[in-house]
Amino acid sequence: MYNKLENGGLSCWTSTLNRTVQTAQYLPIAKEKKKALDEIYAGQFEGMTYNEIAENHPDEFKARLKNKLTYRYPGGEAYTDVIARLENIIYDIESTENDLIIVSHQATLRCLYSYIKNVNIEDAPHLPIPLHTLTVFTIKTTGLKEETVPLLDS
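Along each chain, residues carry numbers from 1 onward, in the same order as the chain's sequence is written. The model is predicted, so local features are restricted to residues of pLDDT at least 70 and side-chain atom pairs to those at 80 or more, both for listing and for counting; the totals for chains, interfaces and linings are taken over all residues. Working from all heavy atoms in the structure, the side-chain values ignore hydrogens and water.

**Focus: the overall build of the protein chain**
- Per the secondary structure count, the protein chain includes seven helices and five strands.
- For the protein chain, the α and β elements follow one another from N to C terminus as α-β-α-β-α-α-α-α-β-α-β-β.
- The size measure is the radius of gyration over C-alpha atoms, and the globule rule it meets is 2.2 Å times the number of residues to the 0.38 power. The globule rule puts the C-alpha radius of gyration for 154 residues at 15 Å, and the 17 Å found for the protein chain is close to it.
- Over its C-alpha atoms, taken along the principal directions, the protein chain stretches across nearly 50 × 35 × 35 Å.
- Within the protein chain, the proportion of its 154 residues that are buried is 31%.
- Only heavy atoms matter for contacts: two residues are in contact if any of them lie within 4.5 Å across the pair. Of the contacts formed within the protein chain by residues at least 6 apart in sequence, a portion of 49% connects residues at least 24 apart.
- When the accessible area of the protein chain is evaluated, it comes to approximately 10100 Å², of which 51% is carbon and sulfur surface.
- Where the 16 positive side-chain charges of the protein chain centre and where its 21 negative ones centre are 1 Å apart. Helix and strand assignments follow DSSP, with helices taken as H or I runs no shorter than four residues and strands as E runs no shorter than two, numbered in order from the N terminus. Relative accessible area decides the class of each residue, using a 1.4 Å probe on protein chains only: under 20% of the type maximum gives buried, over 50% gives exposed, and in between gives partly exposed. Residue-level accessible areas treat just the shown protein chains as cover; the underlying method is Shrake-Rupley with a 1.4 Å probe. For the purpose of counting charges, residues Lys and Arg are taken to be positive, whereas Asp and Glu are taken to be negative. His and the chain ends are not included. Charge coordinates come from a single atom per side chain, which is NZ of Lys, CZ of Arg, CG of Asp or CD of Glu.

**Some remarks on the pairing of strand β1 (residues 10-14)**
- Of all five residues that make up β1, five are buried, and the element is covered over most of its length.
- Where burial is concerned, the two faces of β1 agree: the one with Leu10, Cys12 and Thr14 and the one with Ser11 and Trp13 are both buried.
- The definition of a right-handed crossover adopted here requires that, viewed with the strands pointing away, the path from the first strand over the helix to the second runs clockwise. On the question of chirality, the crossover connecting β1 to the parallel strand β2 (residues 31-33) by way of helix α2 (residues 18-24) is right-handed.

**A short note on the pairing of strand β4 (residues 133-140)**
- One ladder, built from eight bridges, connects β4 with strand β5 (residues 143-150); its direction is antiparallel. Bridge assignment links Val136 to a residue of β5, and that residue is Glu147.
- At least two bridges found by DSSP between two strands is the condition for calling them paired. Two successive antiparallel strands, β4 and β5, enclose a turn made up of two residues.

**So, helix α7 (residues 106-116)**
- For α7, the set of buried residues is Ala107, Thr108, Arg110, Cys111, Leu112, Tyr113 and Ser114.
- On its buried face, α7 is in contact with α5 (79-85), α6 (87-95), β3 (99-103), β4 and β5.
- One or two residues past the end of α7 sits Asn118, with phi positive at roughly 60 degrees.

Okay, structure coming up:
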């Protein structure tokens with residue numbers, strides 16, 4: 001990967017949110033912000049923890065648990081909305097000539113991962129996406145190779 005850093009064979013896309021831009025700032029390559037990579041928008045619950053939502057809005061919390069794929073936050077998004085907004089990103093990924101680093105968020109990464117790994121859409125919201133981890137997908141003639149690299153020492 002280091003050779004690709006030096007030779008321009010690597011691109012980096014981030015969401016427009018500060019935490020992904022800050023994470024990617026240390027990569028010595030050009031970065032492109034893409035709004036479609038932003039985290040699921042929680043509408044009126046934006047900025048609240050799941051515990052706060054459960055405590056203050058128990059009916060909404062239960063509705064989300066019941067069907068995480070189609071549950072839409074009040075004034076916000078559902079996973080199905082995130083999947084729809086990622087459609088053009090997927091086209092861009094498939095047509096890019098460079099290897100690509102995507103720095104994004106749990107919901108968007110779950111949706112991208114489910115597409116790449118051909119996971120059933122209903123399972124996408126429940127996929128485990130480890131924090132502080134680089135997941136590398138390599139296309140081989142024998143199929144897709146997946147490798148995870150923790151970025152922080154435990």
